[in-house]
Structure formats: structure tokens, C-alpha cells
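Geometric and topological summary
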Amino acid sequence: MSVTGPARRRAAVVTGATAGIGAAFARRLATEGYDLLLVARDADRLRGTAADLSGRYGVSATALPADLSTPDGCDSVAARLGGVHLVVNNAGMSLNRGFVGSDVADEERLLALNVTAVLRLTHAALPGMVERRRGAVVNVSSVAGFAALMPGSTYGASKAWVTAFSESIGQSVRPFGVRVMALCPGYTRTEFHDRAGIDMSGTPRWLWLDADRVVHDGLRDLARGRLVSVPDWKYRAAVFGMRHAPARLLQAVARDTRGRTGR
Ligand SMILES: NC(=O)c1ccc[n+]([C@@H]2O[C@H](COP(=O)([O-])OP(=O)(O)OC[C@H]3O[C@@H](n4cnc5c(N)ncnc54)[C@H](OP(=O)(O)O)[C@@H]3O)[C@@H](O)[C@H]2O)c1
């Protein structure tokens, strides 16, 4: 993967680097020789991840503990993006609650992490990349952003924003040799659903993706210059359906992750 320039001393930032897709990004980029700035809230776990990666792959890996759902957290990461070749805005969250019964502070926290932090860090990274005529931003979105299939959940709306934003900004910086891409996985085995308290025990095994595979497909699509990447043919077929099926049909099959559509 050479979308961010020569292999020598490239630097990447990965948010949400201690678990799931972010940890897979950090591992993969370490194997490619990137020096890493890793972001998450749990400082001990983050330092452990950084030490493990630098010990195993001989790269510089720095832990930057920050809560990206806060302006201060975003500021502290934004201030470190000068000269960075690749930014992976991966940290994100969901809520296991319908909108009407949800705490509005939780909804605002979801929006701050899934949307505002992505905007802030992309905005901080791009001017330097455009000036250098090189660099890339990967914003981890979701297939859930392609249609409102989870009634009452604001998660899908936040990811619809991430995908539309990345596609739009990606077009505007492409003439300068800079890439912005939305990576839109389907169900991926990580800590994500447990954290949100979502019971996924009824989800068929064949629907689950592997985080390393998601990262592999995402970086392949980034190298190909794609603006939107959907790993795995099953989810590409599902997205095709979501984009082309009549809205009424989609609304008829819509269910939240608890299998019902109420509060
Ligand atoms: N898993 C799926 O099925 C799936 C499907 C589609 C899209 N996605 C998207 O993929 C991305 C990664 O999800 P994942 O499944 O890998 O999640 P995960 O396993 O739960 O990992 C989340 C990571 O983000 C960090 N994080 C959470 N809140 C944060 C905050 N406020 N500030 C900074 N870091 C924070 C966590 O560390 P700390 O707790 O220490 O902060 C952890 O490192 C998300 O954007 C998610 O929406 C996931």
C-alpha cells in the first residue's frame, strides 16, 4: 500500500486503537512500518497496546489517551496531526436504546464521537496533506448508514453522515493526490456490541466479518482510490439492495437490534 508515500518513516494516527477494527488497523500499519500515534480512553490498555506493537514490529508507537467525545479530547489529537501521512478515524459507539426512551446526553455523546470527532480530525489533517500532495484519511463508517433499517437508532444516521462526508471531501482533495475514504463494514467480531449491551447471539455466523479482513479490504480499496469501501461480497450485495430497493420495502423489513421497533 503506497497511497501515503514512500515506506520510510511514515506516520499514522489510529483512533480506537485498543480493540476491534482499530487494533487491527494498528497491527497492520505496524507491519507496514508506520510509526503510530494511538488514541483511546483507557490509558493503561493503550500504553500496553503501544508497547506491544513497538516491541513486536520495531516501530515507534505512542499512546495518546483522549476521550474523542469531548472538545478537549479532539483538540489534543488534532494538535498532533501535522506531518501525519494516514489518519484512521475509527473510534465509534452505538446505543442499545430507541431514541424516544434514550437519554439525550448519551445521544449527544454518540454524535460527538461518531460525527464531530471525525469532522474535527479530518479538518485538522487535510491542509498539511494537501500542501504535501500526499496522505489519506480513512473514516470508519458502517453499512448501517445506507438505509434506516434500525428504527429509533441514531447510530445509522451518524454513519450516513460519515459516508456522505467522506465521499464529498474525498472528491474535493483527490486532485491534490490526497485520499479520503469511508470504510463501511457489516457485523464484525469486536467488543462493539458488548459495550453497547446489544445481544447478538441470534446473528448467524456467516454474517460476521473478521476485523483483520475488514482492514485488509479497506486498505486495498484505499490504494485503488475508492471513496467508499464495503468489505465482503455479502455486504456489497446488501448495500446494493439498500441503495436500489423502494423505501417502502426497506421500511417494511426494518427492525432494531432488539428485533422490535418500539421505544
Ligand atoms: N463491530 C461492528 O460490527 C461494526 C460494524 C460496522 C461499523 N463499525 C464501526 O467500526 C468502528 C470500530 O468499532 P469496533 O467494532 O472495532 O469497536 P470496539 O471493539 O468497541 O473498539 C472501540 C475502540 O474505540 C475506543 N473508544 C471508544 N469510545 C471512545 C472515545 N469516546 N474516545 C476515544 N476512543 C474511544 C475504545 O477504547 P476505550 O474504550 O479505551 O476508549 C476502543 O479502542 C466504529 O466506528 C464502529 O461504529 C463496527
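Everything below is about the structure shown above.
Before going into details, it helps to say that this report is about the structure given with it. (Residues numbered from 1 in each chain as written. Predicted model: local features only at pLDDT ≥ 70, side-chain atom pairs only at ≥ 80, totals over all residues. Heavy atoms only, no water.)

1. Some words on unusual backbone geometry
Condition: Put simply, DSSP H or I for four residues or longer makes a helix, DSSP E for two residues or longer makes a strand, and each gets a number counted from the N terminus.
Here Arg 133, not a glycine, exhibits a phi torsion of approximately 60 degrees, which is positive. Non-glycine residue Asp 232 carries a positive phi angle of around 85 degrees. Note that Asp 232 resides in the loop between strand E7 (228-229) and helix H8 (233-244).

2. Examining the sheet that holds strand E2 (residues 35-40)
This is how it is decided: Strands pair, by our definition, only if DSSP identifies at least two bridges between them. Whether two residues are in contact is decided by their heavy atoms: any pair within 4.5 Å suffices. A fitted line through C-alpha atoms represents every axis, and for helices the fit uses only the stretch in contact; the resulting angles, taken between N-to-C directions, go from 0 to 180 degrees.
On the basis of which strands lie adjacent, the open sheet formed by seven strands has the order E3-E2-E1-E4-E5-E6-E7 and parallel pairing. Across the chains shown, the open sheet's two edge strands, defined by having one partner strand only, are strand E3 (61-65) and E7. By the bridge criterion, six bridges tie strand E5 (residues 135-140) to strand E6 (residues 178-183) in an arrangement that is parallel. Paired with Val 138 across the bridge in E6 is Met 181. Here helix H1 (residues 20-31) sits on the sheet and contacts strand E1 (11-15), E2, strand E4 (86-89), E5 and E6; the angle it forms with E1, its principal contact strand, is near 165 degrees.

3. Let's talk about helix H4 (residues 104-132)
Here is the rule we go by: Helix span is expected to be 1.5 Å times the residue number reduced by one. To obtain the bend at a residue, axes are fitted to the seven residues ending there and to the seven starting there, and the angle between these axes is taken.
Between its terminal C-alpha atoms H4 stretches 41 Å, which fits the 42 Å expected from 29 residues at 1.5 Å a residue. The axis of H4 is deflected most strongly, by about 40 degrees, at Ala 112. Looking one or two residues beyond H4, the residue adopting positive phi is Arg 133, at roughly 60 degrees.

4. What about the environment of Thr 122?
Stated precisely, the cut-off is as follows: Note on exposure labels: buried denotes an accessible area under 20% of the residue type's maximum, exposed denotes more than 50%, and partly exposed covers the range between, all computed with a 1.4 Å probe on protein chains only. In protein, a polar contact requires one atom able to donate a hydrogen and another able to accept it; more generally it is a pair of N or O atoms within 3.5 Å, and residues adjacent in sequence count only if both atoms are side-chain atoms.
With respect to the helices and strands, the residue Thr 122 is situated in helix H4. Relative accessible area serves as the criterion here: at 1%, Thr 122 is assigned to the buried category. Here the alpha-carbon distance between Thr 122 and Asn 139, two residues 17 residues apart in the chain, equals 8.6 Å. Non-local contacts of Thr 122, meaning those with residues more than four positions away in its chain, are made with Asn 89, Val 137, Asn 139 and Phe 165. Separated by 2.6 Å, the side chain of Thr 122 and the backbone oxygen of Val 118 make a polar contact.

5. Considering the site of the ligand
Put simply, the test is: By convention in this text, a residue qualifies as near a molecule or strand provided that one of its non-hydrogen atoms is within 4 Å of it. Residue burial considers only the protein chains on display, and all accessible areas are found by Shrake-Rupley using a 1.4 Å probe. In the scheme used here, Gly and all other residues not listed as nonpolar or charged are polar, with Ala, Val, Leu, Ile, Met, Phe, Trp, Tyr, Cys and Pro taken as nonpolar and Asp, Glu, Lys and Arg as charged.
Taken together, 31 residues form the shell around the ligand, and within it Thr 18, Asn 90, Tyr 155, Thr 190 and Arg 195 come nearest. The backbone of Leu 68 places a nitrogen or oxygen atom 2.9 Å from a nitrogen atom of the ligand. At a separation of 2.6 Å, an oxygen atom of the ligand approaches a polar side-chain atom of Tyr 155. Protein contacts shield 96% of the accessible area of the ligand, which totals 890 Å² for the unbound molecule. When residues of the shell around the ligand are traced back to their parent elements, those giving at least two are H1, helix H5 (155-173) and helix H6 (192-196). When its residues are assigned to classes, the shell around the ligand shows 13 nonpolar, twelve polar and six charged.

6. Some thoughts on the packing of H1 against helix H7 (residues 211-223)
Stated formally: Reported orientations rely on four angle classes, namely roughly parallel under 35 degrees, roughly antiparallel over 145, roughly perpendicular from 65 to 115, and oblique for the rest. What makes a crossing left-handed is the near helix being turned counterclockwise from the far one by less than a right angle; a clockwise turn instead makes it right-handed.
Across the interface, H1 lies against H7 with an axial gap of 8 Å and an inter-helix angle of 60 degrees. It follows from the interaxial angle that H1 and H7 lie oblique. Viewed along their axes, H1 and H7 form a crossing whose handedness is right-handed. Residues Gly 20, Ile 21, Ala 24, Phe 25, Arg 27, Arg 28 and Leu 29 of H1 form the contact with H7, whose participating residues are Ala 211, Asp 212, Val 215, His 216 and Leu 219. Of the residues contributing to the contact of H1 with H7, the split by class is seven nonpolar, two polar and three charged.

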